Amino acid sequence: MSQTIEQRLDLIESRSAIHDLVSDYCHGFDKRDWPRFLAIWWPDAVWDIGPPFGSFEGHDGIAHVTRSILWEAWLASSHFTTNLVVTFDGADRASGISDVDCIGTTSDGQAQTVSATYHDMFERRDGVWRIARRKVQMHHFNPLPGVTLSPPA
Amino acid sequence: MSQTIEQRLDLIESRSAIHDLVSDYCHGFDKRDWPRFLAIWWPDAVWDIGPPFGSFEGHDGIAHVTRSILWEAWLASSHFTTNLVVTFDGADRASGISDVDCIGTTSDGQAQTVSATYHDMFERRDGVWRIARRKVQMHHFNPLPGVTLSPPA
Amino acid sequence: MSQTIEQRLDLIESRSAIHDLVSDYCHGFDKRDWPRFLAIWWPDAVWDIGPPFGSFEGHDGIAHVTRSILWEAWLASSHFTTNLVVTFDGADRASGISDVDCIGTTSDGQAQTVSATYHDMFERRDGVWRIARRKVQMHHFNPLPGVTLSPPA
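Quick caveat: nothing in here was measured; it's all calculated off a predicted structure. (Residues numbered from 1 in each chain as written. Chains lettered and ligands numbered in written order. Predicted model: local features only at pLDDT ≥ 70, side-chain atom pairs only at ≥ 80, totals over all residues.)

1. Points about the sheet that holds strand β6 (residues 128-143) of chain B
The sheet built from six strands is open, its strands ordered β2-β1-β6-β5-β4-β3 (chain B) with mixed pairing. In the strand order of this sheet, the two ends are held by β2 (54-57) and β3 (74-88) of chain B, each with one partner. Across the sheet, the axes of successive neighbouring strands diverge by a mean angle of 15 degrees, strand direction being ignored. In the sheet, strand β1 (residues 41-50) of chain B pairs with β2 of chain B via four bridges, with the strands oriented antiparallel. Within β2 of chain B, the position partnered with Val 46 of chain B by the bridge is Glu 57 of chain B. Along the sheet, helix α3 (residues 58-73) of chain B makes contact with β1, β2, β3 and β4 (93-106) of chain B, crossing β1 of chain B at roughly 45 degrees. Strands in contact with helix α1 (residues 5-30) of chain C are β3 and β4 of chain B; relative to β3 of chain B, the strand with the most contacts, it is inclined by about 115 degrees. (Pairing = 2+ DSSP bridges. Helix = DSSP H or I, 4+ residues; strand = E, 2+ residues; numbered from the N terminus. Axes fitted to C-alpha atoms, helices over the stretch in contact; angles between N-to-C directions. Contact = placed C-beta atoms within 7 Å.)

2. Focus: the relation of the copies chain A and chain C
Superposing chain A onto chain C takes a rotation of 120 degrees combined with a translation of 0.0 Å along the rotation axis, leaving an RMSD of 0.0 Å. Such a combination of rotation and displacement between the chain copies is what one expects of a three-fold axis. No C-alpha of chain A lies nearer the rotation axis than that of Thr 82 of chain A, which sits 3.9 Å from it. (Least-squares fit on C-alpha atoms with pLDDT ≥ 70 in both.)

3. Structural notes on the nonpolar core
The biggest cluster of nonpolar side chains holds 21 residues, and the ones touching the most others in it are Val 100 of chain A, Val 100 of chain B together with Val 100 of chain C. In this structure, Val 100 of chain C is in contact with His 79, Phe 80, Thr 81, Ala 116 and Tyr 118 of chain C, ignoring residues within four places of it in sequence. (Core = buried A, V, L, I, M, F, W, Y, C linked by C-beta atoms within 7 Å. Buried ≥ 20, exposed ≤ 12 C-beta atoms within 10 Å, placed from the backbone.)

4. Things to note about unusual backbone geometry
Here Pro 51 of chain A and Pro 52 of chain A are connected by a cis peptide whose omega angle stands at 0 degrees. With respect to the helices, strands and loops of the structure, Pro 52 of chain A is situated in the loop between β1 (41-50) and β2 (54-57). Of note, Asp 126 of chain A is a non-glycine position whose phi angle comes to about 50 degrees, a positive value. Here Asp 126 of chain A lies in the loop between β5 (111-125) and β6 (128-143). The phi angle at Arg 32 of chain C is positive, at roughly 55 degrees, despite the residue not being glycine. Residue placement: Arg 32 of chain C occurs in the loop between α1 and α2 (34-38). Classification of Arg 32 of chain C as partly exposed rests on a count of 14 C-beta atoms within 10 Å.

5. Some remarks on the interface of chain A and chain C
In this assembly, 24 residues from chain A lie in contact with 24 residues from chain C. When contributions to the side of chain A that touches chain C are tallied by element, the ones reaching two or more residues are α1 (5-30), β3 (74-88) and β4 (93-106) of chain A. Looking at the side of chain A that touches chain C, its residues break down into twelve nonpolar, nine polar and three charged. (Nonpolar A, V, L, I, M, F, W, Y, C, P; charged D, E, K, R; others polar.)

6. Details of the environment of Thr 105 of chain B
Here Thr 105 of chain B shows up in strand β4. Apart from the residues lying within four places of it in its own chain, the contact partners of Thr 105 of chain B are Trp 74, Leu 75, Ala 76, Gln 110, Ala 111 and Leu 149 of chain B.

7. Some details on the pairing of β6 of chain B
Residue and element names in this part refer to chain B. Pairing of β1 with β6 involves four bridges; the strand directions are parallel. Paired with Val 46 across the bridge in β6 is Arg 133. As paired elements, strand β5 (residues 111-125) and β6 share 14 bridges and run antiparallel to each other. Looking at the pairing, Gln 112 lines up with Pro 143 of β6. Count of turn residues in the β5/β6 antiparallel hairpin: two residues, of which Asp 126 carries a positive phi of about 50 degrees.

8. Considerations on the sheet that holds β1 of chain A
Residues and elements named next belong to chain A. The six strands are arranged β2-β1-β6-β5-β4-β3 in an open sheet whose pairing can be described as mixed. Lying at the two open borders of the sheet, with one neighbouring strand each, are β2 and β3. Taken pair by pair, the neighbouring strands of this sheet meet at an average axis angle of 15 degrees, ignoring direction. Along the sheet face, α1 touches β3, β4, β5 and β6 and points at about 165 degrees away from the line of β3.

9. A short note on the confidence of the model for chain A
Model confidence for chain A is summarised by a mean pLDDT of 97, while 99% of its residues fall at 70 or above. Reported confidence for the predicted complex is 0.97 by ipTM and 0.98 by pTM. (pLDDT = per-residue confidence, 0-100.)

10. Brief notes about the environment of His 19 of chain C
One can find His 19 of chain C in helix α1. With 77 residues separating them in the primary sequence, His 19 of chain C and Gly 96 of chain C have C-alpha atoms 9.4 Å apart.

Printed below as a string of structure tokens:
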């Protein structure tokens, strides 16, 4: 079944919108831009971070874990998301897989390196794409002994 | 010579398919998903890894180096591919250049950091894009002393 | 106001051209490919690197800081740019935000890790997209004690 020009353009634009959500997760979280971070999630979204944090639901749950737990746990963080592959399941639903490299400093002053994979479900509602579900699969989360992270003077 | 809408859409969709190949290399290799990894290569593809590994040809050569050498050499790995620039040479052939940041643990238990550039040749055959040739140019491949990579408990 | 097919295609192609500029910054800088690096900047571009380097203007300023300062300061570097979000302000002007992870060796032989955000302004003139302004916001720039970066023998 061949697609129309309109359908093909819509798919391409959807990919781009979804890619922006994945990027805005990093910009919102690392720059502590709460409106930018919140805007990527549907109100009923599930963010399943896994150990040692757990799973969080809805804007309230996401607000709680972000503002009261994660932003307290990290003094600073840099997330670099790559390898995003999006697979559509109809015009308004898509799954994504991507990998994140993160470096930052936890509240104890220790530099850390993290590698994880994001398994995402994206949904379009009333013409807008947002994250419906993000499951984090952590590969490693470890200290970088002797490293201190700070901006140049 | 101006392009038709169809030609322009085809180019954009080809870029996206090629980007997915570059991402699936990482997902397939790191998650040890053999069907996903194999699916990115043409049966006559060449994977020129360079020192200390060598060059490997065809699905058999790629299976050998991946399953019997590289997956033995790495206990775990995370590849993050960025900076992909694709240049088309006709509608069915394109070259790509991208950079990879890799962190992982070799079989001796030592954490390693790797930086490399991928020089790729992609071909479309019967409507499907796959890798015809990947040449790896390594910039560094070194231990991270004192670092242990493990998932959170 | 709905867009025409032509306008939608143009936007998608512009995003792709802009993404290539961000990638070519890394390829040009790290591989010391001066024509590739220079080609991403408008002749009147501003590159505001911030401390400890400063701000540089025009092809002459960019040539000076790149060739006489930065390529002297780094023995080798690997920039990995991710999280690019492009926002259009009309058909010929766009802003971008992206994050860069950089690892390399400074002239004293010390391995370094850098994290920064690029705040970019892109302009299209006579049909060509280039960078009009790049402001670098550094998050950290620090030594990796005990790490030596070198290619495999």
